[in-house]
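Structural overview for review
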Amino acid sequence: MVKLVLPLDSVAADLGTVGGKGASLARLLRAGLPVPGGFHVTTEAYRVFVSAFRDEIDPSDPVRTTAVFARHDVPARIADEILSAYRTLRADVPVAVRSSATAEDLPEMSFAGQQDSYLNVRGDVLLDAVKRCWASLWNARAVAYRERHGVSHHDVALAVVVQELVYADAAGILFTANPVSGAGEETVINASWGLGGAVAGGRVTPDTMVVSGGTVTRASTGDKTLMTVRVPGGTEDRPVPDDLRRQPVLNEAQALELAALGARVQQLYGVPMDVEWARRDGAFVILQARPITCLKPRVEVWNDSLKGEYLWTRGNFGEAIPDVMTPITWSFVRLFIHHAMSESAQPGVDLVGNIGGRCYMNLSPVYSVAAVFRAKRWLDAVEDVFGRIPPGLDVPKVKLLRWKAVKSGVRMAIRARRNVRRNVKGLRAFLATARQRCEDLHPRIAAARSGPELADLYQREIEPHLVTASRMLEAANRQGGRILVFTRDRLRRTMGESDAEAMLTGANASGELASLGLLIGLTRLAHGEITRDEFVRTYGHRGPHEFEVSIPRPGEDPGWIDAQLAGLRELRTDAETLLARQDRAREDAWARFAQRYPRKEARTRERVRRWNDVVRDRERVRSEIIRAFWVLRAFVLRAGELTGHGDDVFYLRLEELLDLLRGNPAGLERVPVRRATHEQYAALPPYPALIVGRFDPVRWAAEPDRRADLYDARGAAVPVSDTVSGFPGAPGVVEGIARVISVPEQGDRLQPGEILVTTLINVGWTPMFPRAAAVVTDMGAPLSHASIVARELGIPAVVGTGNATRRLRDGDRVRVDGARGTVELLTGDPAPTGDQPRTGDSAQVPPARNAPAPYSGRR
């Protein structure tokens, strides 16, 4: 026969019989933990009581349901057992009467505070308090909570816990893990005077103490204005005496004792716990314990900015790798950078870092070396690649002794030049075989039948190919020496901005420029010149998220290809037309050069040919590196299949993944924490293009006046620009409607003839270029992807503005001057609607040519 009343420590006190709170208290008491005595009124007693009027219970009308409960008396058999159990306690003892639902204090749902409890209850009033607890199962809070969590009203019942009331002089709540940070090694204690009602109800600011490693690591004393005290017939809040308001409730020894009690509770349950406690005559008792349901996942700190006061930039790297990286991607990126940038391997200061999951380069060492050698022109070259440093910004320097800098610099330069010479010799052979090698690796990865076999394949063939590709990129970048920077400067001084940029185009003319490959491939596919399989094999590795191995490539996503083809069909001017138009502009510019400097044409054409060869080689090797990263993605996916851990493997570091493939799963312990860390960082807005000093991405994102161009931890006041200006990316003047787009997945919002305004641009954005009348970016430099592609297509561009996406609103009418590097906000007509040709929304304004300067090339 099912019991109507049970002793508090009864072994029969399970969830279905006494509810969540009652079952927890019984478990604590049986484990020998200090819990006030009492008894349970079981769920069977509730069911017997409501059986006479269950049909009258209406979840949608709590007031009416409460009245129904009030009209009915507790059946005599139930009343007798309740009062009999009460008499076994001390005579006329005041008790706490607390609801305990069958869907309460669960690991995923606490139901805390949804039903009612009553304190300081005595004698025959106990029966009425029990009945009111039963009725509270149907109050508005409890009904709404169940509906929000999908709990059926018909599946719940309510037990009641009756316990001796503790004459507490202090009470509070203890969390065996930090509920804010998720730190499992921290116990957080809230404490206030009196009973626990004011703390649990949030009506008082309690003391807070944090215990970790057997010591109190932090403590703050709250201004405890209220305390819950006993009064005849119940409790009430009263002011705290002045001499107690700012006095700590617990000393350090008591906090440690309480934390030890909490540790026993967590050990019993095996999960972090929320424990209500009280202190009586110097002794602690537990009033309630439930799993912490709102515990924030523990996170790691991915933040190399904490290593010192340096200047970090997202320029160049941030454009190529725009995403918050998973740990496995960061492992591969570090390997790539180590071999693509010889100087990054130097001991001391890191040249490349991970800040909140995003890739940054440390410019402080570069500026420091330039200062030692007084090489200002180095810095001009750095800005052409990584973007402009705001005027007035004091770049933190790395302390270098001059002779050490000279010695280190010379040694580094000799080694780099030797490596480059060796690798340049193999560049053509690499480019001729790289694609086929990747195509051969894909089926071999899929054919791996065991973890060790796949790990061996990685170390024997996959990683060596990535290393070779990375070294070839360094060779391709350096083979032209200063030609990428200084050829452009000479032409600009000689012919002015517009003609210089036109003369430098043509990298796509004598062999496909890989930066344009995705766009040209889509165009050829749209025209039926290649099949979809041919497109996937040749171009399917390129996309907006091409370094992040957890994200599918366009070649894996037919829907992405279909969407791009649909966008191309809307165009009246496709990529081939734009390239042909730019060919004519280039030849016209060369004709003007030949007319002015007939004796210099051949030499200058040779210099520009070398410029284009360097650009083309660099972009081809970059493309092959991305193809290698597609192989890495296939490797990681196969590792997830063979080990049975699916996408968990994206949150392992490379060495941990290889260990897992060989049977050591130790790294998997960190996966939940790293997944939570990645989710936290990925939810934040993109970080500033420039960071000086120690930077907290989470705190920065919460600041309403945060800047997207610069963060300076020193508080230095580099003024915010009221204008939008940057590098001249590609010449031309256009007026039109600004379309501010944050991610390439929003590309369908850009209508033909509008001006694309965004944070950064990489290969994945190029399918939008034929629709854009002009391009404006926050990040970028003259040698960035946006500049190169815009120049080849003849689309005006201003890059590296730092503030375009903050200053310009979607739908603003603006004038873009690509030669001057300015963007002007106009007033006048609102943005037109509908599909317009390139020159419909935007007016092409004839550019004002710069007056040519005397020819400055060497004779």
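Structure first, text after, so check above.
Let me sum up the structure you'll find in this document. (Residues numbered from 1 in each chain as written. Predicted model: local features only at pLDDT ≥ 70, side-chain atom pairs only at ≥ 80, totals over all residues. Heavy atoms only, no water.)

Here we come to the overall build of the protein chain. Scanning the protein chain from N- to C-terminus turns up 28 helices and 27 strands. Across the 859 residues in the protein chain, those meeting the buried criterion constitute 56%. Nonlocal contacts in the protein chain, meaning residues at least 24 apart in sequence, comprise 70% of its contacts between residues at least 6 apart. Put simply, the protein chain shows about 36600 Å² of open surface, and 51% of that area lies on carbon and sulfur atoms. (Helix = DSSP H or I, 4+ residues; strand = E, 2+ residues; numbered from the N terminus. Buried < 20%, exposed > 50% of the residue type's maximum accessible area, 1.4 Å probe, protein only. Contact = heavy atoms within 4.5 Å. Areas by Shrake-Rupley, 256 points an atom, 1.4 Å probe, with all protein chains shown as cover.)

With 21 residues, helix H15 (residues 427–447) should reach 30 Å at 1.5 Å per residue; the first-to-last C-alpha distance of 30 Å fits that figure. Of all bends in H15, the biggest is about 40 degrees, found at Thr433. The complete set of buried residues in H15 reads Leu427, Phe430, Leu431, Ala434, Cys438, Leu441 and Ile445. (Expected span 1.5 Å × (residues − 1). Bend = angle between axes of the 7 residues up to and from the residue.)

Per the counting criterion, the structure on display carries 53 salt bridges. Residues Arg605 and Glu601 are paired through a salt bridge, measuring 2.8 Å at the closest nitrogen-oxygen approach. With a gap of four residues between them, Arg605 and Glu601 both fall in helix H22 (residues 601–643), about one helical turn apart. Taking relative accessible area as the criterion, Arg605 reaches 33% and is therefore assigned partly exposed. When its relative accessible area of 24% is taken as the criterion, Glu601 is described as partly exposed. For Arg609, the salt bridge is made with Glu606, and the minimal N-O distance between the two is 2.6 Å. Placement of the pair is Arg609 and Glu606 together in helix H22, with a separation of three residues, close to one helical turn. According to the relative accessible area criterion, Glu606 is partly exposed, its value standing at 36%. Sharing partners across several salt bridges, the network here consists of Asp583, Arg586, Glu587, Glu601 and Arg605. (Salt bridge = Lys/Arg side-chain N within 4 Å of Asp/Glu carboxyl O.)

Among soluble globular proteins, nonpolar side chains are generally buried collectively. With 73 residues, the main nonpolar core has Phe332, Phe629 and Phe635 as its most contacted residues. What Phe635 contacts, discounting residues up to four positions off in sequence, is Phe332, Ile445, Leu454, Tyr458, Ile462, Leu657, Leu658 and Leu661. Formed by 55 residues, the second largest nonpolar core is a distinct cluster that contains Leu525, Tyr539, Tyr597 and Leu756. (Core = buried A, V, L, I, M, F, W, Y, C linked by side-chain atoms within 4.5 Å.)

Counting through the fold element by element, Ser515 comes out in helix H18 (residues 514–526). Discounting residues that sit within four places of it in the chain, Ser515 has contacts with Glu619, Val763, Thr766, His785 and Val789.

Strand order in this open sheet of five strands is S1-S2-S5-S3-S4, and the pairing throughout is antiparallel. Whereas interior strands pair on both sides, the edge strands pair on one side only; in this sheet they are strand S1 (5–7) and strand S4 (117–121). Ignoring which end each strand starts from, the neighbouring axes of this sheet average 20 degrees apart. Bridge count for S1 against strand S2 (residues 38–41) is three bridges, and the pairing is antiparallel. (Pairing = 2+ DSSP bridges. Axes fitted to C-alpha atoms, helices over the stretch in contact; angles between N-to-C directions.)

The two faces of the sheet receive side chains in turn, since in a regular strand these alternate between them. Across the six residues of strand S23 (residues 772–777), six count as buried, placing the element largely inside the fold. Bridge count between strand S22 (residues 754–758) and S23: five bridges; the pairing is parallel. Counterpart to Leu756 in the pairing with S23 is Val775. With two bridges joining them, S23 and strand S24 (residues 797–799) adopt parallel strand pairing. Counted as the bridge partner of Val776 is Val798 from S24.

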